[in-house]
Amino acid sequence: MMKNFFSKLFDQKLRSRTISYLLVIIAFIILQLMSSTGSLSSLLKSLLVPVCCYTVAAIGLNLNVGFSGELNLGQAGFMSVGAFTGICVSGMLASMITNPVLRLIIAIIAGALIAALMGYIIGIPVLKLQGDYLAIVTLAFGQIIKSIITNMYLGFDENGLHVSFVENKVTLASGGKMLLQGPMGATGTQRIASFAIGIILILCALTIVYNLIYSKSGRAIMGCRDNRIAAESIGINVANTKMLAFIISASLAGAAGALYGLNYSTLVPNKFDFNTSILILVFVVLGGLGNMTGTIISTTVLMLLPELLRSLQDYRMLIYAIVLIVIMLVTNNAFLQAKAAKLRESLIKGKKGAKLS
Amino acid sequence: MAFLSYLINGLGLGSVYAIIALGYTMVYGIAKMLNFAHGDVIMVGAYVTYFALSLMKLPVLVSVLLAVVVSTLLGVTIERLAYKPLRQATSLSVLITAIGVSYFLQNGAQLLWGTSTKVFPSVISNGALALGGISISYLTLITVFVCLAVMGCLTLFINKTKTGKAMRACSEDKGAAALMGINVNQIISITFAIGSGLAAIAAFLLCATYPSVYPTLGSMPGIKAFTAAVFGGIGSIPGAFLGGLMLGIIEILAKAYISTQLSDAIVFAVLIIVLLIKPTGLLGRKLSEKV
Amino acid sequence: MNYRNLLKGGLAAAMAFTMAACSSNSGSASGSTDSQPSSDGSEKAAFKLGGSGPLTGGAAVYGTAVYNALKIAVDEVNAAGDIQFDLNFQDDAHDPEKAVTAYGVLKDGGMQMSVLTVTSSPGAAVAPLYDEDNIFAITPSGSSLAVIYADAANKAGSYGNCFQMCFTDPNQGSASAVYLKDHADLGTKIAVIFKSDDNYSSGINDTFQAEAKDIGLDVVYTGSFTEDSATDFSVQLTQAKDAGADLIFLPIYYDPASLILTQANGMGYAPTFFGCDGLDGLLTLEGFDTALAEGVYMLTPFSADATDDRTKNFVKKYQDLYGETPNQFAADAYDCVFAIAQALKNGNATPDMSTDELTDILVKQFTSMTYDGVTGESMTWSETGEVTKAPMAVVIKDGVYVGAE
């Protein structure tokens, strides 16, 4: 009985894992095939990398909101840290490492590491709070990060890095390069991001998150979410556990940001504002809390939706808003939920019946 | 002297934040939801007041009253259509719906009224009261006064009337309130009505001080007011008032004495520090956890 | 838990559908909603003119102005008969990411030339794509150097096929400083209030400050604001006043400027206000008390009150169709279409040419021709895509622009 239960649980786990990996890989193969036969539209091509970026950031946020139960309204801030770190690293290494793939990977790792560090620093105060107070502090950190990067000037020449704050006092030796120019952000970035790396990044993110949540720490994270006091009473270090989830979430956002930053020739700090954090949160909630496959699908659909609605012209974003509200209403409708449950039950019964006969 | 005049400017800005924060905090206290569409209800209120004043040439009080009525109706409609079906859903679902409503209102306003900024007519005389070397503009005086009056009325309403009592009961424990024969759904609807009505008054004060009306008018004051509400302890009416004032004053002083470029960062940094010292805001009730 | 799986299935199906729809869209539909049937009904092939700008979101006012003016200009050009345009203008919400997507939509629609983007940072994001695909583009109002240079910081790596109809930001900053030096009667103690998180504003401010230092202007105060704090200017104004400034330089757009004028008036502070082309539009703000703008100076290439026939015709048409007075964004967009039309006509281009051929013709024409439009007479363009036209200094008197010299 007990063994049966566990194997079933394992099956379920394995199934949801397999589904998400398969989904990503199949999507990749199809899109690659389309791309190589030239039937992929320019529009779709331009969406490939950003969808990957938002997916990874959303997977990270889902770990935070879905598994750890902390409402984080500052995910875009971590993306921002990762993005500008990635751009700077790539800019500095441009002459040393000519292989773009290698440079991209180094940039992504650097973005993830710096974002993780920021996550740690921010996590210390943030995780002392609860509920909406925690949410507002993450929002506040998002705004502070935006504000700081908006005022940061960073240049690079043979003598090393030059930083100045608020006012541009950076003077560079000839051959030097400005990496960050305050409100103008980064310009003239080499676009080295690729869809394949994006897909690999999603797969890595999935592996990290799945391995975490099905591990001892993962169970501890969920334990803290469901009942902090009970978790504490059985000897779980709540602060450390929550911090782990927060840092991983931040580093995934940082990696996503680095990929994002290196996909465009220009990036302004204003891009990663409160609205972007909210956008990622919408992806997560719509995909289902704690549901990684759902996150991937909802990110893709919600990124494509405004593009598909382009023919509606002025009404585009209005319809988008209505769709958003209707989806929330429908998925939370008790009557429809009951219907769906019934439908599924009868399907399962049908299957079982078939097996028996 | 300069400090005092900055302080007064901060008070003026803070009162505008405070009155918006009152709407936020009321809805949060009763319905336990972050109504991100509140800022956009303000925007609609601002447009209605603008049209009433400059196109229909109605007197100021009538215009504000009209805006209050329209905003209240709008608030109740939003509540009925978008939030009511989600009473049993998680608070995150409601949050996302509120964001959807916010997008809807912004884009709807843009389609209806165009994208270009409209300048709110100046209705309060531009003069200033001279008080021993410092001048306080009438606008600031009126804003602070209206804000105080609204807060007073709200406090009275909540503490002295039967509906107010029911509201307090609902914010304590919805289940128990329902058992006591309180129609919780109705109370939540009333709360939304009051919050949205307040939004129209806030819209008037906001636009009288900063006379620009445009479709995304509500988003930034909305976020700042939300911050103010949390700052003061979300759910607490005096807290929202205090939080709003503090936020306005800090913002102006940070600009004046530290850096105009970093003022936003400083405001949020102060917020974080306050929340670390008092994790439930300045006047928020301490949450006790039951085992 | 069960409904969630159902939802998952539904979403997956939706995703598959949307992807299919996206790709099937690409081949056939031009995506154009403004295709202009030629006026005489004959089957005249049209040049596919693309472009993007913010039609939604906070910056929508600029994108809408450009789009409206583009529609008027395309109609006029098409009616004239020599050149036919098929306009496809997409929303980019003033976001580089969306601008790149919009570029994809335009390319799928078979765009042959473009008005690039309305705003600077989206322009900087798509300019390298235009360069890669070798499609000619001229932006009406993307004034940052990053729109025409790959390495804007060093003014190097010009794209060669990206042009500007408006002045570049540095250009405006130094022109303003020189003008103020020459006209010391306007004010000698100068304060600057700029928007620090905005490309346009901080771009002008940087060169203004540098130039001011070089030629010895007395800048007594520099204050800034951001998108998030663009409502209350009491601090900046008080400090400018305390610093004794008698002239405030406002390299910003007209919406925040209207608030600054109102608040300065409220505190009884009346310096001379001086701005760049972004201030144009101040007088057309619905409900704005133009008395507040009395005596405001600006360097702008366009004034809606000009008395020449073309401007009058354009302003009247715009007012009739959209109920507003066109601003400098609209005027630059209007000129873009006519400049492209002139270049195509002079270069004997036909719509069946490849984009490479068209780009060659257009670049050749633009770097050699002179163009007269509503934003200036005898404009020319350099090889790097910068425009040369005379900025006009105007002052607002009795609610209208008057040339100031």
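All values reported here derive from a predicted model rather than from experimental measurement. (Residues numbered from 1 in each chain as written. Chains lettered and ligands numbered in written order. Predicted model: local features only at pLDDT ≥ 70, side-chain atom pairs only at ≥ 80, totals over all residues.)

A short note on the overall build of chain B
Okay, so step 1: For chain B, the helix and strand inventory stands at 11 helices and 4 strands.
Okay, so step 2: Computed over the C-alpha atoms, the radius of gyration of chain B is 19 Å, within 12% of the 19 Å expected from 2.2 N^0.38 for a compact globule of 291 residues.
Okay, so step 3: Along the longest, intermediate and shortest principal axes, the C-alpha atoms of chain B span 60 × 50 × 35 Å.
Okay, so step 4: Expressed as a percentage of contacts within chain B between residues at least 6 apart in sequence, the contacts between residues at least 24 apart total 75%. (Helix = DSSP H or I, 4+ residues; strand = E, 2+ residues; numbered from the N terminus. Rg over C-alpha atoms; globule rule 2.2 N^0.38 Å. Contact = placed C-beta atoms within 7 Å.)

Quick notes on the overall build of chain C
Okay, so step 1: The secondary structure content of chain C amounts to 11 helices and 18 strands.
Okay, so step 2: Considering only intrachain contacts with a sequence separation of at least 6, the fraction spanning at least 24 residues in chain C is 71%.

Topic: the sheet that holds strand β3 (residues 177–181) of chain A
Residue and element names in this part refer to chain A.
Okay, so step 1: Pairing within the open sheet is antiparallel, and its 3 strands lie in the order β2-β1-β3. A single partner strand is all that each edge strand has here, and the edge strands are β2 (160–165) and β3. Averaged over all pairs of adjacent strands, the angle between strand axes in this sheet comes to 15°, irrespective of strand direction.
Okay, so step 2: Here strand β1 (residues 152–157) pairs with β3 via 4 bridges, running antiparallel. Counted as the bridge partner of leucine 154 is leucine 180 from β3.
Okay, so step 3: Against the sheet, helix α3 (residues 75–93) contacts β1 and β3, and its axis sits at roughly 175° relative to β3. (Pairing = 2+ DSSP bridges. Axes fitted to C-alpha atoms, helices over the stretch in contact; angles between N-to-C directions.)

Things to note about the interface of chain C and chain A
Okay, so step 1: Taken together, the contact pairs 49 residues of chain C with 48 residues of chain A.
Okay, so step 2: Elements with a minimum of two residues in the side of chain C that touches chain A: α1 (2–28), β3 (85–91), α3 (96–108), α4 (120–133), β6 (149–151) and α6 (199–215) of chain C.
Okay, so step 3: Residue contributions to the side of chain C that touches chain A peak at 17 residues, all from α1 of chain C.
Okay, so step 4: The residue makeup of the side of chain C that touches chain A, split by class, is 21 nonpolar, 16 polar and 12 charged. (Nonpolar A, V, L, I, M, F, W, Y, C, P; charged D, E, K, R; others polar.)

Considering the interface of chain B and chain C
Okay, so step 1: The partner chain C presents 31 residues to the 30 residues of chain B that form the contact.
Okay, so step 2: Listed by contribution, the elements that provide at least two residues to the side of chain B that touches chain C are α1 (2–31), α4 (91–113), β1 (118–119), α10 (237–257) and α11 (263–277) of chain B.
Okay, so step 3: The dominant element in the side of chain B that touches chain C, judged by the number of residues it contributes, is α1 of chain B, at 5 residues.
Okay, so step 4: Each residue belonging to the side of chain B that touches chain C can be placed in one class, and the counts come to 11 nonpolar, 16 polar and 3 charged.

Some words on the nonpolar core
Okay, so step 1: Of all hydrophobic cores here, the largest spans 349 residues; its most connected members are Leu259 of chain A together with Leu22 of chain B.
Okay, so step 2: Counting residues domain by domain, this core receives three or more from each of domain 1 (18–167 + 309–389) and domain 2 (170–300 + 393–403) of chain C.
Okay, so step 3: Those residues within four positions of leucine 259 of chain A in sequence are excluded, and the remaining contacts are Val49, Cys52, Cys53, Ile108, Ala193, Ile197, Gly198 and Leu201 of chain A. (Core = buried A, V, L, I, M, F, W, Y, C linked by C-beta atoms within 7 Å. Buried ≥ 20, exposed ≤ 12 C-beta atoms within 10 Å, placed from the backbone. Domains from an automatic or database assignment.)

Here we look at the pairing of strand β13 (residues 297–300) of chain C
All names here are of chain C.
Okay, so step 1: Side chains of β13 alternate between two faces, with Tyr297 and Leu299 and Met298 and Thr300 buried alike.
Okay, so step 2: Where strand β12 (residues 272–275) lies against β13, 2 bridges are found, and the strand directions are parallel. Opposite phenylalanine 274, over in β13, you have tyrosine 297 as the bridge partner.
Okay, so step 3: Pairing of β13 with strand β17 (residues 392–397) involves 4 bridges; the strand directions are antiparallel. In the strand pairing of β17, methionine 298 is matched with valine 394.

Some points on the confidence of the model for chain C
The predicted structure's coordinates, where accompanied by low pLDDT, should not be read in detail.
All names here are of chain C.
Okay, so step 1: Looking at chain C, the pLDDT average stands at 85 and 89% of residues meet or exceed 70.
Okay, so step 2: Averaged pLDDT values over the elements of chain C bottom out at 42 in strand β1 (residues 34–35) and peak at 96 in strand β5 (residues 136–139).
Okay, so step 3: Considering only residues more than four positions removed or in separate chains, one finds that residues 18–42, a stretch of pLDDT under 50, has 45 contacts.
Okay, so step 4: Scoring of the predicted complex yields 0.89 for pTM and 0.88 for ipTM. (pLDDT = per-residue confidence, 0-100.)

Side note on helix α7 (residues 234–242) of chain C
Because the α-helix completes a turn every 3.6 residues, residues three or four places apart line up on one side.
Okay, so step 1: Burial runs high along α7 of chain C: 7 of the 9 residues are buried.
Okay, so step 2: Those residues of α7 of chain C lying buried are Ser234, Val235, Gln236, Leu237, Thr238, Gln239 and Ala240 of chain C.
Okay, so step 3: Turning to α7 of chain C, the residues buried within the fold contact α1 and α10 of chain B together with β9 (189–195), β10 (218–225), β11 (247–250) and α8 (254–266) of chain C.
Okay, so step 4: Two residues or fewer after α7 of chain C comes glycine 244 of chain C, characterised by a positive phi angle close to 80°.

A few points about the domain arrangement of chain C
In many reports, interface size means the accessible area that the parts give up when they come together.
Residues and elements named next belong to chain C.
Okay, so step 1: When its domains are assigned, chain C resolves into domain 1 (18–167 + 309–389) and domain 2 (170–300 + 393–403).
Okay, so step 2: Across the boundary between the two partners, domain 1 contributes 11 residues, which contact 11 residues of domain 2.
Okay, so step 3: Looking at the side of domain 1 that touches domain 2 residue by residue, the classes come out as 3 nonpolar, 7 polar and 1 charged.

What to know about the packing of helix α5 (residues 169–182) of chain C against α6 of chain C
Residue and element names in this part refer to chain C.
Okay, so step 1: Between α5 and α6, the shortest axis-to-axis distance is 7 Å and the interhelical angle comes to 40°. When the interaxial angle is binned, α5 and α6 end up oblique. α5 and α6 meet at a crossing whose hand is right-handed. Contacts between α5 and α6 pair Asp169, Pro170, Gln172, Gly173, Ser174, Ser176, Ala177, Val178 and Lys181 from the former with Tyr200, Gly203, Ile204, Asn205, Asp206, Thr207, Phe208, Glu211, Ala212 and Ile215 from the latter.
Okay, so step 2: Class assignment of the residues belonging to the contact of α5 with α6 gives a composition of 8 nonpolar, 7 polar and 4 charged. (Parallel < 35°, antiparallel > 145°, perpendicular 65-115°, else oblique. Left-handed = near helix turned anticlockwise from the far one by under 90°.)

Description of the environment of isoleucine 223 of chain B
Residue and element names in this part refer to chain B.
Okay, so step 1: Here isoleucine 223 is to be found in helix α9 (residues 219–232).
Okay, so step 2: The class of isoleucine 223 is partly exposed, set by 19 C-beta atoms lying within 10 Å.
Okay, so step 3: Sequence separation between isoleucine 223 and alanine 46 is 177 residues, and the spatial gap between their C-alpha atoms is 17 Å.

Comments concerning the sheet that holds β13 of chain C
Residues and elements named next belong to chain C.
Okay, so step 1: Here we have 7 strands laid out as an open sheet, ordered β10-β9-β11-β12-β13-β17-β18, and mixed in their pairing. At either margin of the open sheet sits one strand with a lone partner, and together these are β10 and β18 (400–403). The mean inter-strand angle of the sheet, taken between neighbouring strand axes irrespective of direction, is 25°.
Okay, so step 2: As paired strands, β9 and β11 are joined by 3 bridges and run parallel to one another.

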